[in-house]
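Spelled out from the first residue to the last, the chains are:
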Amino acid sequence: CADAAGQDYEHWYGPGYLLGLSYEEGAEPPNSCAPCEELCASLADCLGYDFFACEVGQRCIGAARVLFSKGQRPTSPPPSPWSTKGYYDSPTAGEGFPGTGAIENVLSLSPSSSCLIKEIDNQSAKHIEEASAPVIP
């Protein structure tokens with residue numbers, strides 16, 4: 001997920017293996033992430049979330065990100081298993097995450113990844129159609 005300028009958002013990171021982001025060979029990849037949706041719905045400043053799921057038995061790193069505009073990520077620690085550090089302790093905020101405002105772009109679409117936007121009002125629904133991304137209730 002990205003903002004109107006295609007820029008990445010600050011986020012909390014969740015490892016896929018702890019969030020159930022896997023699927024069996026021949027099955028459809030998941031199109032939602034219940035723990036992501038629950039966390040995002042509980043946070044007023046959450047814009048949405050994105051995730052990548054892995055096929056069981058394949059070499060793959062599944063993960064999810066709960067997204068926030070620049071400077072809007074909560075300062076309190078996230079609940080477990082979420083983290084303020086990404087894979088291999090990579091940053092999840094700072095200079096490399098200048099995204100602001102509504103999610104309007106999807107940077108990477110594959111059958112195993114999804115970008116979901118938190119529905120707030122009709123304006124968000126417009127962005128969802130433009131970005132071709134599903135809606136979070």
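All of these numbers come straight from a predicted model, not from anything done at the bench. By convention here, each chain's residues receive numbers from 1 onward along its written sequence. For this predicted model, a pLDDT threshold of at least 70 governs which residues receive local features, and a threshold of 80 or more governs which side-chain atom pairs are given and counted, while totals over whole chains, interfaces and linings are taken from all residues. Processing note: side-chain calculations cover all non-hydrogen atoms of the structure and skip hydrogens and water entirely.

S.K.: Describe in detail the state of the cysteines, supporting the description with residues and values.
M.R.: Only a pair of cysteine sulfur atoms within 2.5 Å qualifies as a disulfide here. Following the criterion strictly, the structure yields 4 disulfides and no others. Disulfide pairing is shown between Cys1 and Cys115; the S-S distance is 1.8 Å. Taking the torsion about the S-S bond as the criterion, the Cys1 to Cys115 disulfide, at about 125 degrees, is right-handed. With Cys1 in the segment before β1 (10-15) and Cys115 in strand β6 (residues 113-118), this residue pair connects regions lying 114 residues apart in the sequence. Numbering of helices and strands runs from the N terminus, with a helix taken as a DSSP run of H or I at least four residues long and a strand as a DSSP run of E at least two residues long.

S.K.: Requested: an account of helix α2 (residues 34-41), with residues and values cited.
M.R.: Listing the buried residues of α2 in full gives Cys36, Leu39 and Cys40. Down the axis of α2, the smallest arc covering the buried residues is 95 degrees, so these residues share one side. Only protein chains enter the accessibility calculation, which uses a 1.4 Å probe. A residue is then buried if its area is under 20% of the maximum for its type, exposed if over 50%, and partly exposed in between. It is the directions from the helix axis to the C-beta atoms that the arc portrays.

S.K.: Could you give me a rundown of the nonpolar core, with the residues and numbers involved?
M.R.: We call a set of buried residues a nonpolar core when its members are Ala, Val, Leu, Ile, Met, Phe, Trp, Tyr or Cys and they connect through side-chain atoms within 4.5 Å of each other. One finds Leu21, Leu43, Tyr49, Phe51, Ala64, Val66 and Trp82 to be the most contacted residues of the largest nonpolar core, which totals 18 residues. Of all the secondary-structure elements, those providing two or more residues to this core are α2, β3 (48-52) and β5 (63-68). Not counting chain neighbours up to four residues away, the residues in contact with Ala64 comprise Trp12, Tyr13, Gly14, Leu19, Leu21, Cys36, Asp50, Phe51 and Trp82. Counting 7 residues, the second-largest nonpolar core is a separate cluster that includes Leu47, Leu67, Ile103 and Ile117. Two residues form a contact once any of their heavy atoms are found within 4.5 Å.

S.K.: Tell me about the pairing of β1, and please be specific about residues and values.
M.R.: The element β1 is extensively covered by neighbouring structure, given that 6 of its 6 residues are classed as buried. Burial along β1 is two-sided: Glu10, Trp12 and Gly14 and His11, Tyr13 and Pro15, pointing in opposite directions, are all buried. In this description, strands pair whenever DSSP reports at least two bridges between them. Bridge count for β1 against β5 is 6 bridges, and the pairing is antiparallel. Along β5, the bridge assignment pairs Pro15 with Ala63.

S.K.: For unusual backbone geometry, give the residues involved together with the corresponding values.
M.R.: In this structure, Pro81 follows Ser80 across a cis peptide bond, with omega equal to 10 degrees. For Pro81, the location among the structural elements is in the loop between β5 and β6. Even without being glycine, Tyr88 reaches a positive phi, approximately 55 degrees. For Tyr88, the location among the structural elements is in the loop between β5 and β6. Phi at Asp89 is positive, roughly 60 degrees, even though this residue is not glycine. With respect to the element layout, Asp89 can be found in the loop between β5 and β6.

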